[in-house]
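The residues making up each chain are set out below.
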Amino acid sequence: MYRWFSMLGAWFIARLGRLGKTGVFFAHSLLCSVTPPIKFERVVRQIWFVGWKSMLVICLTAVFTGMVLALQGYPTLRRVGSEAFLGPLVALSLIRELGPVLSALMVTGRAGSSIAAEIGVMRTNEQIDALELMGLNPLRYLVAPNLIACLVALPVLASVFNVIAIFGGYLVGVRLLGMHASTYFGEMSNYVEMSDIVGGIYKSMSFGVLIAWVCCYKGYYCRFGAQGVSAATTQAVVNTSALILVWDYFITSLVF
Amino acid sequence: MISVEDLWKSFGRQEVLRGISLAVEPGEFMALVGMSGCGKSVLLKHLVGLIEPDRGRVVMAQKEISSLSRRELDELRSRIGFVFQGGALFDSLTVFENTAFPLREKTRLREPAIRSKVMSVLEQVGLKNTENKYPAQLSGGMVKRVALARTLVRAPEIVLFDEPTTGLDPIVSNAMLRLFDEVHRRLKLTGILVSHEIPEIFSIVQKVAMLHEGKIVAVETPERIQNSRNPIIAQFLSGSPEGPIEYR
Ligand SMILES: Nc1ncnc2c1ncn2[C@@H]1O[C@H](COP(=O)(O)OP(=O)(O)O)[C@@H](O)[C@H]1O
Ligand SMILES: [Mg+2]
């Protein structure tokens, strides 16, 4: 009995310690992102990598998300006799929820995994130690640029996602199912408010920070060897994706 | 210049260093030899504060490593050149950029000055026409030479080389040893060289230390170590599989 208790206690303390470590890591990285010198070259490179290179996959997922929303939403709305509200349904669910969440999940899979792998390889090859021996702070070189890049890129990607998905909804709702384009877009502009858009942007900014934080952390404290890197990459993607969905609930209750 | 007192370090249940004491005088080059996996790299990393000991002290240039603030440690590290066993080159940068990196980041030198410095160091290590290649395109020996160039370009006072010649062909390896000797004499460096080049290494160092099972077996001049009657040293130098050293 006592042994179980002490094992549970040890497990709990280890967990708590790790939580503290991630917190300290985050605080340091944040500090490096807002104090000079900021490595602008690396920031731009990461924005290009996280943002621009995710564009294709974001557009592809967005158009189909919008199409399926309209395909499912239209008959459902018709049952209650309010198919005119397809536009607001599609737009609001995208802007408030699906745009930020789905784009964040896609970026996690595409960019988050390679951020974790890249930093993990730098850890195993002792490149991070080499930086430190040159008197340079690895967090400033490796983590801060990713943090800034994700913070900037995610809202942009989510906005692109929304626009394309609304267009996908138009394709199905108007072109396929025969709604009037003026109803689709007109009702949309009646019901979508600025606060929805701003809230969605805050959301995706917080997802950006979350992606950079978890993926960089996993790479930074990666175990040695190829196995360590592959484990770090997998954990980065799984943990980030799960955290995005959990955090999404809390931030929704906070900002909306 | 370099002094280690009673250093202990374990990783989990594995005791790697078990009471190491060692001193390197200013201007001295010391060879550190021992079986693979006996903790040579771990010992070197203690000297620059990359690994913290469980017990014991490390004093570099009259400063105790564990007592230094972040800034003092950075200042001390800027006087130490460390060549990692695997090179630790930045793979997103070319040979030139790798070598120029510490100058660009840590000095106010202008680009032309950096360029001439880097090119002269690259020439010294025999890598004149590879400056635009990436680390992934280099052979093992070239990686080690770039790592050496990146260290030398900062003009360190103390150098710690972790197997800088392992895996190189004999000609390049001897050329590297000659280069160390020349640099050592010219810049009056103090340093530790981890190496398996026996007996070539003996002609360029003043002391040889042998690490075995977490302890320093002997610190002697090269002549005395070559004539040592200690069976561990004798077996190691002869490279014979029979003797007191157990290997798996
Ligand atoms: N960071 C680490 N974590 C756990 N074990 C380590 C670590 N670094 C080295 N070791 C272990 O310490 C021992 C000595 O390693 P090392 O110093 O690299 O040997 P070598 O003398 O060949 O350079 C090895 O058994 C290695 O597995
Ligand atoms: Mg080693």
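Residue numbers restart at each chain and count upward from 1, following the sequence in its written direction. Here every chain gets a letter starting at A, and every ligand a number starting at 1, in the order they are written. With pLDDT at 70 or above as the cut-off, local features in this predicted model cover only qualifying residues; side-chain atom pairs require 80 or more to be listed or tallied, and sums for whole chains, interfaces and linings still use all residues. Note: side-chain values were computed over all heavy atoms of the structure, leaving out hydrogens and water.

**Let's talk about the sheet that holds strand β8 (residues 190-194) of chain B**
Residues and elements named next belong to chain B.
Moving on, step 1. Being paired, for any two strands, means DSSP has found at least two bridges between them. Here a helix means four or more residues in a row that DSSP labels H or I, a strand means two or more in a row labelled E, and each is numbered from the N terminus. Reading across from one edge, β6-β7-β8-β3-β9-β10 is the order of the six strands in this open sheet, with mixed pairing throughout. Sheet topology places β6 (80-83) and β10 (215-220) at the edges, where each strand pairs with a single neighbour. The sheet shows a mean angle of 15° between the axes of neighbouring strands, taken without regard to direction.
Moving on, step 2. Bridge count between strand β7 (residues 158-162) and β8: five bridges; the pairing is parallel. With axes taken as lines fitted to C-alpha atoms, and helix axes fitted only over the stretch in contact, angles between N-to-C directions fall between 0 and 180 degrees.

**Considering the nonpolar core**
Moving on, step 1. By nonpolar core we mean a set of buried residues, namely Ala, Val, Leu, Ile, Met, Phe, Trp, Tyr and Cys, connected to one another through side-chain atoms within 4.5 Å. When a residue's accessible area, from a 1.4 Å probe over protein chains only, is under 20% of the maximum for its type it is buried; when over 50% it is exposed; and in between it is partly exposed. Formed by 99 residues in total, the largest nonpolar core has its most connected members in V50(A), Y184(A), L47(B), M60(B) and L160(B).
Moving on, step 2. Broken down by element, this core gets its largest block of residues, 16 residues, from helix α6 (residues 138-176) of chain A.
Moving on, step 3. By size, the runner-up hydrophobic cluster in this structure holds 45 residues, among which are V121(B), M176(B), L189(B) and V208(B).

**A few points about the coordination of the magnesium ion (ligand 2)**
All names here are of chain B.
Moving on, step 1. Looking at the magnesium ion (ligand 2), the protein donor atoms are S41 (OG) and Q85 (OE1), and they sit 2.0 to 2.1 Å from it. Residue S41 is found in helix α1 (residues 40-47), and its partner Q85 is found in the loop between β6 and α3 (95-106); the two are separated by 44 residues along the sequence.
Moving on, step 2. Since its relative accessible area comes to 33%, Q85 is described here as partly exposed. As a rule, N, O and S atoms within 2.8 Å of a metal are its donors, except that Na, K and Ca use 3.2 Å; water is not among the atoms, so sites may look incomplete.

**Some remarks on the interface of chain B and chain A**
Moving on, step 1. Counting residues at the interface gives 21 residues for chain B, matched by 15 residues for chain A.
Moving on, step 2. Note on definitions: buried area is the accessible-area loss of two parts on being combined, 1.4 Å probe, summed for both. Summed over both sides, the interface between chain B and chain A buries roughly 1,600 Å², with carbon and sulfur atoms accounting for 59% of that surface.
Moving on, step 3. Between E126(A) and K45(B) there is a salt bridge; the shortest N-O distance is 2.5 Å.
Moving on, step 4. Each polar contact in these results corresponds to two N or O atoms within 3.5 Å; when the atoms are within protein, one needs to be able to donate a hydrogen and the other to accept it, and residues that are neighboring in sequence are counted only if both atoms are side-chain atoms. Taken together, the connections running from chain B to chain A amount to six residue pairs in polar contact (both at pLDDT 80 or more).
Moving on, step 5. Elements with a contribution of two residues or more to the side of chain B that touches chain A: α2 (70-77) and α3 of chain B. In what follows, a contact means two residues having at least one pair of non-hydrogen atoms within 4.5 Å. By definition, a salt bridge exists where a carboxyl oxygen of Asp or Glu is found within 4 Å of a side-chain nitrogen of Lys or Arg.

**Quick word on the side chain of T240(A)**
Moving on, step 1. With respect to the helices and strands, T240(A) occurs in helix α9 (residues 225-255).
Moving on, step 2. Once residues within four sequence positions are removed from consideration, T240(A) is found in contact with T108(A), L210(A), I211(A), V214(A), C215(A) and Q235(A).

**Observations regarding the site of ligand 1**
Residues and elements named next belong to chain B.
Moving on, step 1. In the vicinity of ligand 1, the contacting residues are F11, Q14, V16, M35, S36, G37, C38, G39, K40, S41, V42 and Q85.
Moving on, step 2. S41 places a polar side-chain atom, nitrogen or oxygen, 2.6 Å from an oxygen atom of ligand 1.
Moving on, step 3. Contributions of two or more residues to the shell around ligand 1 are made by β2 (14-24) and α1.
Moving on, step 4. With three residues, the single largest contributor to the shell around ligand 1 is α1. Being near a molecule or strand, for a residue, means having at least one of its heavy atoms within 4 Å of it.

**Considerations on the pattern of salt bridges**
Moving on, step 1. This model, assessed by the stated rule, comprises 19 salt bridges over all chains.
Moving on, step 2. Notably, a salt bridge pairs R57(B) with E64(B), separated by 3.0 Å at the nearest N-O pair.
Moving on, step 3. Of the residues examined, E64(B) reaches a relative accessible area of 23% and is grouped as partly exposed.
Moving on, step 4. Three or more residues are tied together by salt bridges with common partners; here these are E97(A), K203(A) and D248(A).

**Side note on the pairing of strand β1 (residues 2-11) of chain B**
Moving on, step 1. Here β1(B) runs beside β2(B); their pairing, made up of eight bridges, is antiparallel. Opposite S10(B), over in β2(B), you have E15(B) as the bridge partner.

**What to know about the packing of aromatic side chains**
Moving on, step 1. Classification of ring pairs rests on two measures: the distance between centres of Phe, Tyr or Trp rings, Trp counted by its six-membered ring, which must be within 6.5 Å, and the angle between planes, read as stacked under 30 degrees, edge-to-face over 60 and tilted in between. Tallied over the entire structure, the rule returns 16 aromatic pairs over all chains.
Moving on, step 2. Residues F82(B) and F84(B) carry aromatic rings whose centres are separated by 4.7 Å and whose planes lie at 50° to one another, so their mutual orientation is tilted.
Moving on, step 3. Both rings, one in F90(B) and one in F101(B), keep their centres 5.0 Å apart while their planes meet at 55°; by these two values the pair is tilted. Of the two residues, F90(B) sits in the loop between β6 and α3 while F101(B) sits in helix α3, which places them eleven residues apart along the sequence.
Moving on, step 4. Of the residues examined, F101(B) reaches a relative accessible area of 12% and is grouped as buried.
Moving on, step 5. The rings of F25(A), Y217(A), Y220(A) and Y221(A) are connected pair by pair, giving a single aromatic cluster.
Moving on, step 6. We call a charge positioned over a ring when the NZ of a Lys or the CZ of an Arg lies within 6 Å of the ring centre and within 35 degrees of the ring normal. Its guanidinium or amino end placed over the ring of F49(A), R110(A) lies 5.0 Å from that ring's centre, counting from NZ or CZ.
Moving on, step 7. Lying across the ring of Y220(A), R123(A) places its NZ or CZ 4.8 Å from the centre.

Any functional reading would require information that these geometric values do not contain.
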